[in-house]
Amino acid sequence: MKEQKSIPVSKTERSAKFVKTGIQIGGNYIKHYSKKLFNPDLNRDQLNEDNATDIYKSLSELKGSALKIAQMLSMDKNILPQSYVDKFTQSQYNAPPLSGPLIVRTFTKNFGKPPEKIYDQFNLKSTNAASIGQVHSAELNGQKLAVKIQYPGVGDSISSDLKLVKPFAFRLLNMSEKELNIYIKEVEERLLEETDYELEVRRSIEFSEACKNLRNVVFPKYYPELSGKRIISMDWIDGLHLKEFLKTNPSQELRNKIGQALWDFYNFQQHELKAVHADPHPGNFLITPEEKLGVIDFGCIKEMPDDFYEPFFSLISTDVIKDKAKTIEAFRKLEMILPGDNEKQVAFYYKIYLEMISLFARPYTSRTFDFDNPDFFKELYSYGDKIAKMPEFKQARGVKHFIYVNRTNFGLYSILQELKAVVDTTTYQPHLK
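Given the structure is predicted, the values throughout are model-derived calculations rather than measurements.

Caption draft 1: A look at the environment of Tyr119. Mapped onto the elements, Tyr119 comes out in the loop between helix 5 (100–111) and strand 1 (121–122). Accessibility expressed as a relative area gives 3% for Tyr119, which makes it buried. A sequence separation of 20 residues divides Tyr119 from Glu139, and the C-alpha atoms of the two residues are 6.0 Å apart. In this structure the side chain of Tyr119 is engaged in a polar contact, spanning 2.8 Å, whose partner is the side chain of Ser233.

Caption draft 2: Seen up close, the sheet that holds strand 5 (residues 217–218). One open sheet accounts for three strands, arranged 5-9-8; its pairing is mixed. Edge positions in the sheet fall to strand 5 and strand 8 (285–287), since each of these pairs with one other strand and no more. The pairing of strand 8 with strand 9 (residues 293–295) spans three bridges and is antiparallel. The residue bridging Phe285 from the neighbouring strand is Val295, located in strand 9.

Caption draft 3: Structural detail: the side chain of His136. Mapping His136 onto the fold places it in strand 3 (residues 133–140). We classify His136 as buried; its relative accessible area is 0%. Within polar-contact distance, the side chain of His136 engages the backbone oxygen of Leu124 at 3.4 Å. If near-sequence neighbours (up to four positions away) are discounted, His136 is found in contact with Ile103, Phe122, Asn123, Leu124, Lys125, Ser126, Thr127, Leu145, Ala146, Val147, Ile149 and Trp236.

Caption draft 4: Geometry of the side chain of Ser233. Inspection of the secondary structure puts Ser233 in strand 6 (residues 231–235). Looking at Ser233, the relative accessible area reads 0%, which means it is buried. Those residues in contact with Ser233 that sit more than four places away from it in its chain are Tyr119, Ala146, Val147, Lys221, Tyr222, Tyr223, Leu226 and Ser227.

Caption draft 5: Just unusual backbone geometry, in detail. Unusually for a residue other than glycine, Asn249 sits at a positive phi of about 55°. Within the secondary structure layout, Asn249 lies in the loop between helix 9 (242–247) and helix 10 (252–273). The exposure class of Asn249 is exposed, given its relative accessible area of 63%. The backbone of Lys420 shows a phi angle near 55°, a positive value even though the residue is not glycine. Relative to the elements of secondary structure, Lys420 occurs in the loop between helix 15 (401–419) and strand 12 (422–424).

Caption draft 6: Looking closely at the nonpolar core. Membership of the largest hydrophobic core comes to 84 residues, with the highest contact counts inside it found for Phe265, Tyr353, Tyr413 and Leu416. Those residues within four positions of Phe265 in sequence are excluded, and the remaining contacts are Cys211, Leu214, Val217, Phe219, His277, Phe285, Val295 and Phe298. By size, the runner-up hydrophobic cluster in this structure holds 13 residues, among which are Ile103, Phe107, Ala138 and Ile231.

Caption draft 7: Spatial organisation of helix 8 (residues 197–210). With 14 residues, helix 8 ought to run about 20 Å at 1.5 Å a step, and its terminal C-alpha atoms sit 20 Å apart, in line with that. Taken residue by residue, helix 8 has Tyr197, Leu199, Glu200, Val201, Arg203, Ser204, Phe207 and Ser208 as its buried positions. Two or three places before Glu198, at the opening of helix 8, Asp196 has a side-chain oxygen 3.3 Å from that residue's backbone nitrogen.

Caption draft 8: Geometry of the pattern of salt bridges. What the rule picks out here adds up to 12 salt bridges. We note a salt bridge from Arg203 to Glu193, for which the minimum N-O separation is 3.1 Å. Highlighted residues: Arg203 in helix 8 and Glu193 in helix 7 (residues 177–194), separated in sequence by 10 residues. Overall, Arg203 belongs to the buried group, its relative accessible area being 10%.

Parameters at a glance
Residues numbered from 1 in each chain as written. Predicted model: local features only at pLDDT ≥ 70, side-chain atom pairs only at ≥ 80, totals over all residues. Heavy atoms only, no water. Helix = DSSP H or I, 4+ residues; strand = E, 2+ residues; numbered from the N terminus. Buried < 20%, exposed > 50% of the residue type's maximum accessible area, 1.4 Å probe, protein only. Polar contact = N/O pair within 3.5 Å; in protein donor to acceptor, adjacent residues only side chain to side chain. Pairing = 2+ DSSP bridges. Contact = heavy atoms within 4.5 Å. Core = buried A, V, L, I, M, F, W, Y, C linked by side-chain atoms within 4.5 Å. Expected span 1.5 Å × (residues − 1). Salt bridge = Lys/Arg side-chain N within 4 Å of Asp/Glu carboxyl O.

Below is the structure:
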């Protein structure tokens, strides 16, 4: 892939990039409606393809929070047209890498010396480039390392980038302004944490230690002395990303083994730590030659306070859902039903959210669940399509914690679907008071 020799850093440069992209999208609409004059039956497939290409190209050059949102949206398959999902999925593995001179400049700024003065060997060509940083291989004292380098200006441009992303998000997500502002605020908080690499190293050590006894899950060792605000050094883990792994035509037994490791990794954190690795896109995992799940990124962690955890997991793991009064009480605590709702609204939201919780909880309702279940996912995506079109959901509902907890669990379900894994769902259960 062609290397990127510069990155827009200043607010003015980044704003100009968004404006240019907006003009391109406007041109795509003009072109689409001009064709529609002569062909009234023309669908929006080509328009979506053109817009997705232009938006992804712009976001991938800007990198940072702008590209991160594309990555997040690609995981929410029921929100976007398929052309956007296909294009934005590239950000999970394959964004354009920065050139060698920019990497050397980043090291010199952070450590006062270039990488070749820090490591015995350092490969200036990146092995993987994503939304916030890219990874290079290195060697020190005979140990192969992975060195993650944050793109210049990413941490400083989050707030201004998100303001610039809002017009695109309005059009793509069809949210009300209030709902979008809650979404943007929660995303901003998590992204500010993700760009703090010193925090990531501390969390990576803490979480990998807490999860070290999980079966078939492995973590790299981290090196705080070789890390800093914009650079993380860790052991290199050999392995294949999900797409590469699936191309090897793994046995059902191996698919189940990796799927179980993934399920245990997430549910152990949710229920034992009440904090979770909230970035379950396939680029953050490797399947090792020893048939284990390698977890290589702890940048995004979502903590779950008791006033969210208790009502939410009581709905999916107890008989609360069978008691209408208790279910409505839980919905009120989670702000899915609001104080100002009248009787008719309470009845409506109770019915629609009961459907949602029943769908979400289905894997938990039996000892094992087969994620190679097209009917289950068809129902999930159909439900998402249905509520997206309902005027009752134009106003924000649900506490902000849903944004990342839903993203985490549906991301987990999505990877398990790709694995076609059958998992034991009883291994780690909620702890409720």
